[in-house]
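Coordinate inspection notes
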Amino acid sequence: MKKYNLDYDLVLTERPWHAADLAEKGARDGYDVVIIASGDGTANETLNGLMRARKPVLIKPPWGRLQ
């Protein structure tokens with residue numbers, strides 16, 4: 001990200017389902033992209049958080065997963 005001069009915030013999960021909370025907050029706060037570096041469980045949580053952010057309005061940030 002630094003190589004391409006992109007702005008980003010790095011956050012780490014601290015408990016179960018924290019990834020969902022972070023993803024939801026990021027979407028509601030207007031982040032353009034959510035990227036995770038994790039396993040299947042955190043990917044699932046992140047998608048759930050993004051889906052929660054869609055209610056009551058339609059918010060659809062793209063997301064990516066680094067393996």
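So, here's what we can say about the structure. These numbers come from a predicted model, not from an experiment.

This paragraph deals with the layout of surface pockets. Approximately 870 Å³ is the volume found for the largest pocket. Elements that contribute at least two residues to the lining of the largest pocket include exactly helix H1 (18–28), strand E1 (34–37) and helix H2 (40–53). The element contributing the most residues to the lining of the largest pocket is H1, with 5 residues. Of the residues in the lining of the largest pocket, the class split is 16 nonpolar, 5 polar and 5 charged.

To continue, consider the side chain of glutamate 45. Mapped onto the elements, glutamate 45 comes out in helix H2. One buried charged residue, glutamate 45, forms no salt bridge at all, with the nearest opposite charge on arginine 15 at 7.2 Å. A polar contact of 3.4 Å, which involves the side chain of glutamate 45, links it to the backbone nitrogen of alanine 19. Aside from chain neighbours lying at most four places away, what touches glutamate 45 is Pro16, Trp17, His18, Ala19 and Ala20.

Before going further, it helps to spend a moment on the side chain of histidine 18. With respect to the helices and strands, the residue histidine 18 is situated in helix H1. Polar side-chain contacts of histidine 18 include one of 2.9 Å to the backbone nitrogen of glutamate 14. In contact with histidine 18, other than residues within four places in its own chain, are Leu12, Thr13 and Glu45.

Interaxial distance between H1 and H2 falls to 7 Å at its minimum, and their mutual angle equals 40°. Between H1 and H2, the crossing angle belongs to the class labelled oblique. Every pair of crossing elements has a handedness; the one defined by H1 and H2 is right-handed. Across from His18, Ala19, Ala20, Asp21, Ala23, Glu24, Ala27 and Arg28 in H1, the residues of H2 making contact are Thr42, Glu45, Thr46, Gly49, Leu50, Arg52 and Ala53. Here the residues of the contact of H1 with H2 sort into 6 nonpolar, 4 polar and 5 charged.

Conventions we followed
- Residues numbered from 1 in each chain as written.
- Predicted model: local features only at pLDDT ≥ 70, side-chain atom pairs only at ≥ 80, totals over all residues.
- Heavy atoms only, no water.
- 1 Å grid on protein atoms, 1.4 Å probe; cavity = no way out; pocket = protein on both sides within 12 Å on 5 of 7 lines; lining within 4 Å.
- Points joined across faces, edges and corners; volume = space filled by probe spheres on them.
- Helix = DSSP H or I, 4+ residues; strand = E, 2+ residues; numbered from the N terminus.
- Nonpolar A, V, L, I, M, F, W, Y, C, P; charged D, E, K, R; others polar.
- Buried < 20%, exposed > 50% of the residue type's maximum accessible area, 1.4 Å probe, protein only.
- Lys, Arg positive; Asp, Glu negative; His and termini not counted.
- Salt bridge = Lys/Arg side-chain N within 4 Å of Asp/Glu carboxyl O.
- Polar contact = N/O pair within 3.5 Å; in protein donor to acceptor, adjacent residues only side chain to side chain.
- Contact = heavy atoms within 4.5 Å.
- Axes fitted to C-alpha atoms, helices over the stretch in contact; angles between N-to-C directions.
- Parallel < 35°, antiparallel > 145°, perpendicular 65-115°, else oblique.
- Left-handed = near helix turned anticlockwise from the far one by under 90°.

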